[in-house]
Amino acid sequence: MKPLHNEWIEFAKRDYYTLKKLDGDEYLTNIVLFHSQQCIEKLFKGIMEASGADVPRIHNTKKLYELIADVIDQPMDVDDLLYIDSVYIESRYPASFGLLPGGQPTLKESQKAIEIVKKILSLLDLDFESRGGSDENIDIKNRRFSSRKSDVVFGTTQRCCHDRAIEK
């Protein structure tokens with residue numbers, strides 16, 4: 001069985017492969033946005049796991065980045081993460097809920113999300129272009145990540161799934 005951090009990275013890679021397959025399809029731009037966010041979220045959680053930190057049950061990529069910023073060499077563009085976080089919820093629900101005031105996301109918006117994912121992968125020196133399988137070992141521990149325990153302390157309650165409280 002793979003170490004848990006490799007499982008996170010494998011799932012991030014599958015999200016990346018999905019968004020690449022759907023790139024350019026105007027009908028599925030919201031799905032591309034969703035998988036872009038999921039790829040980054042799972043990637044960051046894999047890094048947290050590899051560094052020995054507890055992985056919180058949150059979806060916010062900016063907050064996750066803040067928890068791993070001390071274990072990676074390259075700073076991320078926070079504006080990119082804010083964009084990814086802003087389209088995450090919007091990509092999951094229909095406009096009738098008022099979350100997509102502009103309607104279906106455009107190809108330009110979905111391609112921007114893909115470029116953000118590619119930029120993050122490049123900064124982390126990770127290659128997701130080849131389609132991996134369960135037999136492939138993605139070892140991120142020997143990349144730029146520290147193996148020390150994070151100093152991050154989580155409270156007794158974490159937020160998950162759109163501000164529902166989750167007890168530890």
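Coordinates for the structure precede this section.
Values in this document were obtained by computation on a predicted structure and should not be read as measured data.

Undergrad: Explain the packing of helix α2 (residues 29-51) against helix α3 (residues 61-68) to me, please; I cannot follow it from the model alone.
TA: To characterise two packed helices, one gives the angle between the axes of the helices and the distance between these axes. Viewed as axis vectors pointing N to C, α2 and α3 meet at an angle of 20°, and their least axial separation amounts to 10 Å. The angle between α2 and α3 falls in the class roughly parallel. Taken as a pair, α2 and α3 cross one another with a handedness that is left-handed. On α3, the residues touching Q37, I40, E41, F44, K45, I47 and M48 of α2 are T61, L64, Y65, L67 and I68. Taken together, the residues of the contact of α2 with α3 sort by class into eight nonpolar, two polar and two charged.

Undergrad: Looking at this structure, how should I read the packing of aromatic side chains?
TA: If you walk through the whole model with that rule in mind, you get two aromatic pairs. Plain terms: the ring middles of Y16 and F128 are 6.0 Å apart, the flat faces sit at 65° to each other, and that makes the pair edge-to-face. On the criterion of sequence distance, the pair formed by Y16 in helix α1 (residues 4-22) and F128 in the loop between α5 (107-123) and β1 (157-160) is long-range, its members being 112 residues apart. Y16 gets classed as buried once you look at its relative accessible area, which sits at 2%. On the accessibility criterion, F128 (4% relative accessible area) is buried. Here F44 and Y65 contribute two aromatic rings whose centre-to-centre distance is 6.2 Å and whose plane-to-plane angle is 40°, an arrangement assigned as tilted. Taken as a pair, F44 in helix α2 and Y65 in helix α3 lie far apart in primary sequence, 21 residues in all. Exposure class is identical for F44 and Y65. Each is buried. One residue, R14, lies across the ring of F11, its end atom 5.6 Å from the ring centre. Positioned over the ring face of Y83 is K112, at 4.1 Å from the centre of the ring.

Procedures and definitions
Counting starts from 1 at the beginning of each chain's written sequence and moves along it residue by residue. pLDDT decides what is reported in this predicted model: residues at 70 or higher carry local features, side-chain atom pairs at 80 or more are listed and counted, and totals for whole chains, interfaces and linings draw on all residues regardless. For the side-chain quantities, the full set of heavy atoms in the structure was used; hydrogens and water were omitted. The angle between two axes is taken between their N-to-C directions and runs from 0 to 180 degrees, where each axis is a line fitted to C-alpha atoms and a helix contributes only its stretch in contact. By the criteria applied, helices consist of DSSP H or I runs no shorter than four residues and strands consist of E runs no shorter than two, each listed in order from the N terminus. Reported orientations rely on four angle classes, namely roughly parallel under 35 degrees, roughly antiparallel over 145, roughly perpendicular from 65 to 115, and oblique for the rest. Left-handed is the label given to a crossing in which the near helix is rotated counterclockwise from the far helix by less than a right angle, and right-handed is the label when the rotation is clockwise. Two residues form a contact once any of their heavy atoms are found within 4.5 Å. Asp, Glu, Lys and Arg are counted as charged, while Ala, Val, Leu, Ile, Met, Phe, Trp, Tyr, Cys and Pro are counted as nonpolar; the rest, among them Gly, fall into the polar class. For Phe, Tyr and Trp, where Trp contributes only its six-membered ring, two rings pair if their centres lie within 6.5 Å, and the inter-plane angle classes them as stacked under 30 degrees, edge-to-face over 60, or tilted in between. For every residue, the accessible area obtained with a 1.4 Å probe (protein chains only) is divided by the maximum for its type, and the residue is called buried under 20%, exposed over 50%, and partly exposed between those limits. Charge-over-ring placement is defined geometrically: NZ (Lys) or CZ (Arg) within 6 Å of the ring centre, and within 35 degrees of the ring normal.

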